[in-house]
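Overview (structure and organization)
Now for the letters of each chain:
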Amino acid sequence: MTRNSSEMVSGNVSNSNLQEGNASDLPKVLADENRPKCVICGNVFDMYYDDEDGEFMYRNAMEIDVELDDAAVDETENVLVHFTCHKRLGAPAILSSDQLLP
Ligand SMILES: [Zn+2]
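From a predicted model like this one, the values you see are computed outputs, not experimental measurements.

Coordination sphere of the zinc ion, protein contribution only: C38 (SG), C41 (SG), H82 (ND1) and C85 (SG), at 2.0 to 2.3 Å. For the zinc ion, the four donor atoms in the first shell make angles of 100 to 118° at the metal, a pattern classed as tetrahedral. If you list the donors of the zinc ion from N- to C-terminus, the spacing comes out as C-x2-C-x40-H-x2-C.

As structure tokens, then:
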């Protein structure tokens, strides 16, 4: 098998095919139909069936806690975000609600 390494893309990657080449390097989480979207960018996760795990997974996704400012008590909620979105925010250990989409 030969790899198509001559097709080096230089800067003009189409968004839909982003990360196609090294998707397996990205973290994944178990697909959760109640949390289909990244709370940072609002885009739906890329779901696929993982043969090894025998489960549907979200690609390029991770779980993180978000601090709920408007809650009376210090409360956190567990949300799903894109790994790349989280990285873009500087990879904080916990999100604050102003980093989320309204
Ligand atoms: Zn995102």
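That was the structure; now back to the text.
Time to look at the environment of D65. The residue D65 is located in strand 4 (residues 61–68) in this model. Residues D65 and V79, spaced 14 residues apart in sequence, show a C-alpha to C-alpha distance of 6.1 Å. Discounting residues that sit within four places of it in the chain, D65 has contacts with T76, E77, N78, I94 and L95. Among the polar contacts made by the side chain of D65, one reaches the side chain of N78 at a distance of 3.1 Å.

Definitions and limits used
- Residues numbered from 1 in each chain as written.
- Predicted model: local features only at pLDDT ≥ 70, side-chain atom pairs only at ≥ 80, totals over all residues.
- Heavy atoms only, no water.
- Donors = N, O, S within 2.8 Å, 3.2 Å for Na, K, Ca; no water.
- Tetrahedral: all angles 85-135°; square planar, octahedral: opposite > 155°, others 65-115°.
- Helix = DSSP H or I, 4+ residues; strand = E, 2+ residues; numbered from the N terminus.
- Contact = heavy atoms within 4.5 Å.
- Polar contact = N/O pair within 3.5 Å; in protein donor to acceptor, adjacent residues only side chain to side chain.

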